[in-house]
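Here's the letter readout for the chains.
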Amino acid sequence: MNFSSKLLENAVNEVAQLPGIGKRTALRMVLHLLKQPKPQTHNLANSLSNLVDNIKLCKKCHNISDVDVCDICANPSRNEEIICVVEDVRDVMAIENTSQFKGLYHVLGGKISPIEGVGPQNLTIDSLIDKVKEGTIKEVIFALSSTIEGDTTNFYIFKQLEKLDIKTSTIARGIAVGDELQYADEITLGRSILNRIPFDKSY
């Protein structure tokens, strides 16, 4: 792809690094931004810059937040005795959209995947175990995707919690095997949360 401008080429190369974006799509997006009023494009650039510089991870659940403790963890009406373990922030959003879960979350930041070089030490599993050992939590719900990596991560955490006096459950398999949680429709996902089953009876 030949560019008439080095500035254009640099911008296209940066946009093309986004997942699912090829060079041609990146070029189309950059040219679209050039056609917009300058204040609009500057607002986009400033929003991304502020996001990178100021975003935080909640100290309690590791969810993305503007402050040290996210709105969910800071909400006194949430049930602190139930914690739902998810892969990333998109899963928190998906479950919250169902309005069926009133407990708290724990965001792992991924799934165990030896092929991709992701082990338990790369996730927030240790802080989850420490949280459970404090004694407030009565139930841990596993809500990871129904994939090999998701099931491996669930089982690993389950074995870490097995000797602790705590209930473990998993969302019902209304979510198709192999599906990512974030793509499930709200009704199916909501029912999967409500109809969760004991984890030791799920494998």
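The structure this text deals with has already been given above.
Residues numbered from 1 in each chain as written. Predicted model: local features only at pLDDT ≥ 70, side-chain atom pairs only at ≥ 80, totals over all residues. Heavy atoms only, no water.

**A few points about a nonpolar patch on the surface**
Piece 1. There is a patch of nonpolar side chains on the surface, built from L33, L44, L48, L51, V52, I55, L57 and I64 and spanning about 700 Å² of accessible area.
Piece 2. Broken down by element, the nonpolar patch gets its largest block of residues, 4 residues, from helix α3 (residues 38-54).
Piece 3. Classification of L44 as partly exposed rests on a relative accessible area of 40%. (Patch = residues over 30% accessible without salt bridge, like charges linked within 9 Å, V, L, I, M, F, W, Y side chains within 5 Å. Areas by Shrake-Rupley, 256 points an atom, 1.4 Å probe, with all protein chains shown as cover. Salt bridge = Lys/Arg side-chain N within 4 Å of Asp/Glu carboxyl O. Helix = DSSP H or I, 4+ residues; strand = E, 2+ residues; numbered from the N terminus. Buried < 20%, exposed > 50% of the residue type's maximum accessible area, 1.4 Å probe, protein only.)

**With respect to the side chain of T98**
Piece 1. Topologically, T98 is positioned in the loop between α5 (89-96) and β4 (103-107).
Piece 2. A polar side-chain atom of T98 sits 2.6 Å from the main-chain carbonyl oxygen of I95. (Polar contact = N/O pair within 3.5 Å; in protein donor to acceptor, adjacent residues only side chain to side chain.)

**Quick word on the pattern of salt bridges**
Piece 1. Following the criterion strictly, the structure yields 7 salt bridges and no others.
Piece 2. As a salt-bridge pair, K56 and D68 come within 4.0 Å of each other at their nearest N and O atoms. With K56 in strand β1 (residues 56-57) and D68 in the loop between β2 (64-65) and α4 (71-74), the pair connects residues that are 12 residues apart, well separated along the chain.
Piece 3. Between K111 and E87 there is a salt bridge whose closest N-O contact spans 3.5 Å. On the criterion of sequence distance, the pair formed by K111 in the loop between β4 and α6 (125-133) and E87 in the loop between β3 (79-86) and α5 is long-range, its members being 24 residues apart. One exposure class covers both K111 and E87, and it is buried.
Piece 4. Salt bridges linked by common partners bring K56, K59 and D68 together as one network.

These figures capture arrangement, not role.
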